[in-house]
Amino acid sequence: MSPETREMLRHQDREFEDHRIEKVGAEGTEKSPNGFTLSAGIGCLFVRNEKGLPLPQVGEMVRYYGKGFGFPVRGVAVDDRVYYYESAQEYDTNLQIEREKKKSEDRRKWIEGLPGVRARIAEMHPLFQQRVNAFMDYDDNWGPKFGAYEMMVCEQAEYIAATLETSEEIERVQKLGYNDQRLLLPDMEEGHSGNSASMSFRLAWLFLKHPELVPREHGALCALVGCKEYGCHVHRSKEAQAQA
Ligand SMILES: [Zn+2]
């Protein structure tokens, strides 16, 4: 898009908010050395300044392009100083391109790591193998999106079950605070989220109490992305029923 077209689109753009500038900080980053921070209306925003335009002054009005508070700011201008700007359509297109790039990058990485994944699956208890393999067989997209997370949760579940040994002990330990849990499960992964920790405990508990349910339990991220998106057993059997 030519600078003239973009400037024309900007003048036609009705999606903006104007705010009086309360504070300007000349705090460039490595990637954007001329960038600065602006406090105006919607809180503090880092503004790229690749053109090296003069910094805005306190008291001037800044125009933020975008849907408003809570949404990305796709353009910043103070009078005729346009620090950056993308039309709504440009912004959406670029976002889409970025997402597609990320998707194919995730897919490439997953395929590259597949021999390692298969080796890790081979180390698992057959019920966990059955569980993970069913996800992988159901949908090729599952691995790049969710594979690493599910594998981690399953391995942690096996570790918890092997270490705590009974479902009663798992119930007891799950209720303890973080530090007490770590004493009993020293090799537990650091950096669990609430979801991954509770799914690890849940699968460990099932493994000892109702092992036959391990392959049928919801996926490790079902609670966050939904059963259909994850392709868990619950969704797969619903789908099979509908087809029957
Ligand atoms: Zn599910």
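What counts and how
Residues numbered from 1 in each chain as written. Predicted model: local features only at pLDDT ≥ 70, side-chain atom pairs only at ≥ 80, totals over all residues. Domains from an automatic or database assignment. Pairing = 2+ DSSP bridges. Helix = DSSP H or I, 4+ residues; strand = E, 2+ residues; numbered from the N terminus. Axes fitted to C-alpha atoms, helices over the stretch in contact; angles between N-to-C directions. Parallel < 35°, antiparallel > 145°, perpendicular 65-115°, else oblique. Left-handed = near helix turned anticlockwise from the far one by under 90°. Contact = placed C-beta atoms within 7 Å. Nonpolar A, V, L, I, M, F, W, Y, C, P; charged D, E, K, R; others polar.

Trainee: Just to check I follow, could you spell out the domain arrangement of the chain for this structure?
Mentor: Frequently, the measure chosen for interface size is the accessible area that the parts lose on association. As assigned here, the chain comprises domain 1 (3-90) and domain 2 (113-243). Taking the mean C-alpha position of each, domain 1 and domain 2 sit 45 Å from one another.

Trainee: Can you help me understand the sheet that holds strand β5 (residues 61-65) in this one?
Mentor: Backbone hydrogen bonds hold the strands of a sheet together, and the pairing may be parallel or antiparallel. Within the open sheet, the four strands sit side by side as β1-β5-β6-β7. Their pairing is antiparallel. The open sheet has two free edges, formed respectively by β1 (16-20) and β7 (81-85), since each of these has just one partner strand. Looking at each pair of strands side by side, their axes are set apart by 15° on average, direction ignored. In this structure, β1 lies alongside β5, joined through five bridges in antiparallel fashion. Paired with D18 across the bridge in β5 is R63.

Trainee: Would you mind going over the packing of helix α4 (residues 142-164) against helix α7 (residues 194-209) with me for this structure?
Mentor: When two helices pack together, you describe them by how their axes are tilted relative to each other and by the distance separating the axes. Taken N-terminus to C-terminus, the directions of α4 and α7 make an angle of 50°; their axes are 8 Å apart at the nearest point. By the criterion of interaxial angle, the relationship of α4 to α7 is oblique. Here the hand of the crossing between α4 and α7 comes out right-handed. Contact with α4, carried on its side by Y149, M152, V153, C154, Q156, A157, I160 and A161, involves S196, M199, S200, F201, L203, A204, F207 and L208 of α7 and no other residues of that element. Split into classes, the residues belonging to the contact of α4 with α7 amount to 13 nonpolar, three polar and no charged.

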